Amino acid sequence: MEQTLRITNVLADPTRYYIYQYIVNNHHGVSVQQIADSFEIHPNVARLHLSKLEDVDMLTSEARKTGKGGRPSRIYHLSDKVIQLHFPFRDYQLLSKIAIQTMMTLGEAGKQALYETGKSFGVELINQQLRIKSTSIDSLTFDEKVSMLKNAATIAGFSPEIMADEDDNKIFFRIYNCPFKEVTSADPDTICTMHNFFLKGMFESLFDNVELVEMDNMMANCVTCSYNASILA
């Protein structure tokens, strides 16, 4: 309860909340000066906000040499710790682990069911976006499909970055946050495969014939999970 109160107190300040959101969307570490410039505040004020976010484990920091001499600059990153606020308390991570381990007791059939269920949820996520926009796949341009993919991935908590080339029919898809990370300890390979099926469901809902190839994986100590998607004729 004490930690919950500390977190809510820190995020009660609107500027501090928006600074945190800025760092979430930035995907890279930020300096005090960068925050000061972006929010038009004094560096001392920016440092105070960043320090308070670090005090409640929402950020971590490291000293980094600037190459210009003088004191190293302090760079702030998102913390790997999960911050969850529930009133009353709920433990959805535990529920996820129970459900996943139950599926694992069913052997290969359980794994296949998990993969197909993951894919169906990816499909449903895109269908929700289509319903919200009151449109159909056939009416969307390539760029609109890519935009919808990014929006759906953002809603799913992936913190995505997408680069697309319509001429080459290529999409580079990078994920900075894995919403399933805390439950992968049960069976990392299985959870990652389910995640890939989830993404396949999203891509295949938007493009008729797509090949999705994983390039990097956070579970292999990579900074992100990244994928190359080829839209086939």
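The structure we're discussing is the one just above.
Read on for a plain summary of the structure.

Conventions we followed
- Residues numbered from 1 in each chain as written.
- Predicted model: local features only at pLDDT ≥ 70, side-chain atom pairs only at ≥ 80, totals over all residues.
- Heavy atoms only, no water.
- Helix = DSSP H or I, 4+ residues; strand = E, 2+ residues; numbered from the N terminus.
- Contact = heavy atoms within 4.5 Å.
- Areas by Shrake-Rupley, 256 points an atom, 1.4 Å probe, with all protein chains shown as cover.
- Lys, Arg positive; Asp, Glu negative; His and termini not counted.
- Charge placed at Lys NZ, Arg CZ, Asp CG, Glu CD.
- Phe/Tyr/Trp six-rings, centres within 6.5 Å; stacked < 30°, edge-to-face > 60°.
- Buried < 20%, exposed > 50% of the residue type's maximum accessible area, 1.4 Å probe, protein only.
- Lys NZ or Arg CZ within 6 Å of the ring centre and 35° of its normal.
- Disulfide = S-S within 2.5 Å.

Across its full length, the chain holds eight helices and seven strands. By its C-alpha atoms, the chain is 55 × 45 × 35 Å across when sized along the principal axes. Considering only intrachain contacts with a sequence separation of at least 6, the fraction spanning at least 24 residues in the chain is 51%. For the chain, the computed accessible surface area is about 13,700 Å², with 51% contributed by carbon and sulfur atoms. Treating the 22 positive side-chain charges of the chain as one cloud and the 29 negative ones as another, the clouds have centres 9 Å apart.

Our next topic: the packing of aromatic side chains. Applying the stated criterion across every chain, the model contains eight aromatic pairs. Ring centres of Tyr 115 and Phe 197 lie 5.2 Å apart, and the angle between their planes is 15°; this geometry places the pair in the stacked category. Of this pair, Tyr 115 sits in helix α6 (residues 107-133) while Phe 197 sits in helix α8 (residues 188-206), and the two are 82 residues apart along the sequence. Phe 197 shares its class with Tyr 115; the two are buried. These aromatic residues form a ring-pair network of at least three members: Phe 158, Phe 180 and Phe 198. Geometry around Phe 197 places Lys 200 over its ring, the cationic atom sitting 4.9 Å from the centre.

Turning to the state of the cysteines, a few remarks are in order. A complete count under the given rule lists zero disulfides for this structure. Cys 225 takes part in no disulfide bond, and the closest cysteine sulfur to it belongs to Cys 178, at a distance of 5.8 Å. For Cys 225, a relative accessible area of 5% puts it in the buried group.

The analysis is restricted to geometry; functional conclusions fall outside its scope.
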